[in-house]
Amino acid sequence: MLQLVERIEVRCALAKKSNPDLIQQELNEYIADQISLYRVMWARGELPSGVEDDLTPLELELDEMHGILRGHEPWPSHTKTAEQSLRRHLHEGKGVPEDELQDFPLRYLEARSAALAYGSLLQKGAPEEARLKAVQHYFPGFRQPEPETQSSQQMETGPLISELRDKFQAERARAGLEERSIKATTVAINYFIELCGDLPIEEVDRATARSFKEKYSLYPKNKNKMPATKDLSFEEIQKSGIEYEPISTTTVNNNLTKLSTFFNWAHDHGYAKENPIAKMKIKESKREKDDRFPFTDLELQRLFDPEVHNFKELRRESYFWAPLIALYTGGRVNEICQLYLDDIEVVDGIDVIHFRSDRPDQKLKNPASIRQVPIHRELLEIGFIEFVNAQRERGEQRLFPDLKLTEQGYSGNFSKWFGRRKEAFISQDRRQKVTFHSFRHTFADYLRDVRARSYEIDRLSGRKSNSMSHDRYGSDLKIASLKETLEKISFSHVLNIDELSRIAHEHLQTGSAANT
């Protein structure tokens, strides 16, 4: 009886929280976000198009929506997943009772169709009035949210973005965050002010954020370095018809991330009602986002050639050791850069690197990333443990104290250095797809070549796995078993192990810490 009463009380509480117009508002937001995305893609020439005289992918998907709405076709999994995600958000995040969501799948399909209709008409060059009419045909009552104009009275109701920017950065400076990281976030906030105005922060809403994303996605690359654009405002450039290359999607997303950090801080400190930038990043295709090439043997030879991979050339111990650790462990760049000395330990008589996030300044991608990786014999031969012991004798706590904490963790400046360094060793046609992350691909490929089992590769690399074999065996793998598998691979045919060892040991013997 008590449980029944509790269920009734919970139901009543949810009902009180429910807003009859909330579902409409959320689907309006969904359509507006999709329209914003299509506008950005269209302006950048990235809107998907079909073969000449053929339907575009947007029209094909809209036709598919028609079939589903009529009950002639089953829901594709990606559509159903998106609908369920939004439905869960309404129920769990917004408190809308389940019975009010009974017709939600149908309404989601109508909203999706409305967005697709807008995109396909945009691609054909139809005027805005016709595009919005098509949206309302599929989803009656849609009104695209627009940024609200601010009255002078409203402007006085709360602090401006610029005022909070200065407070935010002063707080970060007191916390010891690196100046370069602080400056990078300041630049992102300044872009927002330039394109949307120095608004009271409590008045910045999702519509304002969408407007910023649309404009910033069209911002000229190297605007202040080009004579044709450096003295013009963004609006003047748009009206002038000047041809230019817009900034990359990656740059847009990086600055949206920095802005999101700022707005989270403003929300946490009671200045903003929400973080309007949340989930505003432009979705990149899996191939565009994640596809990276492994290193070729020739590239590894060039990269680790003792003539260039030495302390005289590199100057920092992290620059010497971190790429080697990545090659022999498949570790992610921030996993390696954030290592503490007590993360290198002995387990069952075997030297291992423990990738974990036990400290506030350590972060991992997901729970599967927590792992112990045996230290390969060739890395031991080069002198890694001797280096670790020398750092302990110096009284250090972290493996690479020369790397400073930034918004990107300890790997921020290191990644920029490696990005510059690789250009001397990687051919121009491969530079975009060969990054520090390529060490992970190389590591996994070498393990596959020696017929390592998939769950062993996942365990060593810290990857999630949906395979039954991993679920069954992965958690039971012993360090000795992983060591045996790892030792099957070797890089001695591309690395001069003896010479790298001589360089490392000679550096330790001189007692000159190469950190600068």
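My aim in this report is to walk through the structure given alongside it, one point at a time. (Residues numbered from 1 in each chain as written. Predicted model: local features only at pLDDT ≥ 70, side-chain atom pairs only at ≥ 80, totals over all residues. Heavy atoms only, no water.)

**Things to note about the overall build of the protein**
- From N to C terminus, the protein includes 25 helices and 3 strands.
- Taking as baseline every contact in the protein between residues at least 6 positions apart, the subset at least 24 positions apart corresponds to 70%.
- Summing over all exposed atoms, the protein offers an accessible surface of approximately 27100 Å²; the carbon and sulfur share of this is 49%. (Helix = DSSP H or I, 4+ residues; strand = E, 2+ residues; numbered from the N terminus. Contact = heavy atoms within 4.5 Å. Areas by Shrake-Rupley, 256 points an atom, 1.4 Å probe, with all protein chains shown as cover.)

**As for the pairing of strand E1 (residues 344-347)**
- Sheet analysis places E1 next to strand E2 (residues 350-355), joined by 4 bridges and oriented antiparallel. Paired with Glu345 across the strands is Val352, a residue of E2.
- Two successive antiparallel strands, E1 and E2, enclose a turn made up of 2 residues, where Asp348 displays a positive phi of approximately 55°. (Pairing = 2+ DSSP bridges.)

**Structural notes on the side chain of Arg421**
- Relative to the helices and strands, Arg421 resides in helix H20 (residues 412-422).
- For Arg421, the residues in contact, after removing those within four places along its chain, are Leu303, Val308, His309 and Leu314.

**Considering the packing of helix H2 (residues 22-43) against helix H5 (residues 104-123)**
- In the contact formed by H2 and H5, the axes pass within 9 Å of each other and the chain directions differ by 25°. Between H2 and H5, the angle falls in the class roughly parallel. In this structure, H2 meets H5 at a crossing whose hand is right-handed. In this structure, H2 uses Ile23, Gln24, Leu27, Tyr30, Ile31, Gln34, Ile35, Tyr38, Arg39 and Trp42 to contact H5, whose residues at the interface are Phe104, Arg107, Tyr108, Ala111, Arg112, Ala114, Ala115, Leu116, Tyr118, Gly119, Leu122 and Gln123.
- Across the contact of H2 with H5, the residue classes break down as 15 nonpolar, 4 polar and 3 charged. (Axes fitted to C-alpha atoms, helices over the stretch in contact; angles between N-to-C directions. Parallel < 35°, antiparallel > 145°, perpendicular 65-115°, else oblique. Left-handed = near helix turned anticlockwise from the far one by under 90°. Nonpolar A, V, L, I, M, F, W, Y, C, P; charged D, E, K, R; others polar.)

**Some thoughts on the environment of Leu86**
- Among the structural elements, Leu86 can be located in helix H4 (residues 77-93).
- Residue Leu86 is classed as buried on the basis of its relative accessible area of 14%.
- For the pair Leu86 and Ile23, spaced 63 residues apart in the sequence, the C-alpha separation amounts to 10.0 Å.
- Beyond its immediate sequence surroundings of up to four residues, Leu86 is in contact with Leu27, Tyr30, Phe104 and Tyr108. (Buried < 20%, exposed > 50% of the residue type's maximum accessible area, 1.4 Å probe, protein only.)

**Here's the deal with unusual backbone geometry**
- One non-glycine residue with positive phi stands out, namely Asn222, at about 55°.
- Position of Asn222 relative to the elements: it lies in the loop between helix H10 (206-216) and helix H11 (234-240).
- Under the relative-accessibility criterion, Asn222 is labelled partly exposed at 44%.
- With phi around 75°, Arg315 is a residue other than glycine that occupies positive phi space.

**Here we look at the nonpolar core**
- Counting residues in hydrophobic clusters, the biggest one holds 66 residues, and the most contacted among them are Phe320, Trp321, Phe384, Leu399, Phe439 and Leu495.
- Among the elements that line this core, the one with the most residues is helix H16 (residues 317-329), at 9 residues.
- The residues touching Leu495, leaving out its near neighbours within four places in the chain, are Phe304, Leu324, Leu327, Tyr328 and Leu500.
- Counting 32 residues, the second-largest nonpolar core is a separate cluster that includes Ile23, Ala114, Leu116 and Ala117. (Core = buried A, V, L, I, M, F, W, Y, C linked by side-chain atoms within 4.5 Å.)

**A look at the sheet that holds E1**
- Read across the open sheet, the 3 strands follow the order E1-E2-E3; overall the sheet is antiparallel. Edge positions in the sheet fall to E1 and strand E3 (371-374), since each of these pairs with one other strand and no more. Going from strand to strand, the sheet's axes swing by 45° on average, the running direction of each strand aside.
- Note: E2 against E3, 4 bridges, orientation antiparallel. Its bridge partner being in E3, Phe355 is matched across the sheet by Arg371.
- Together, E1 and E2 form the strand contacts of helix H19 (residues 384-393), whose direction differs from that of E1 by roughly 120°.

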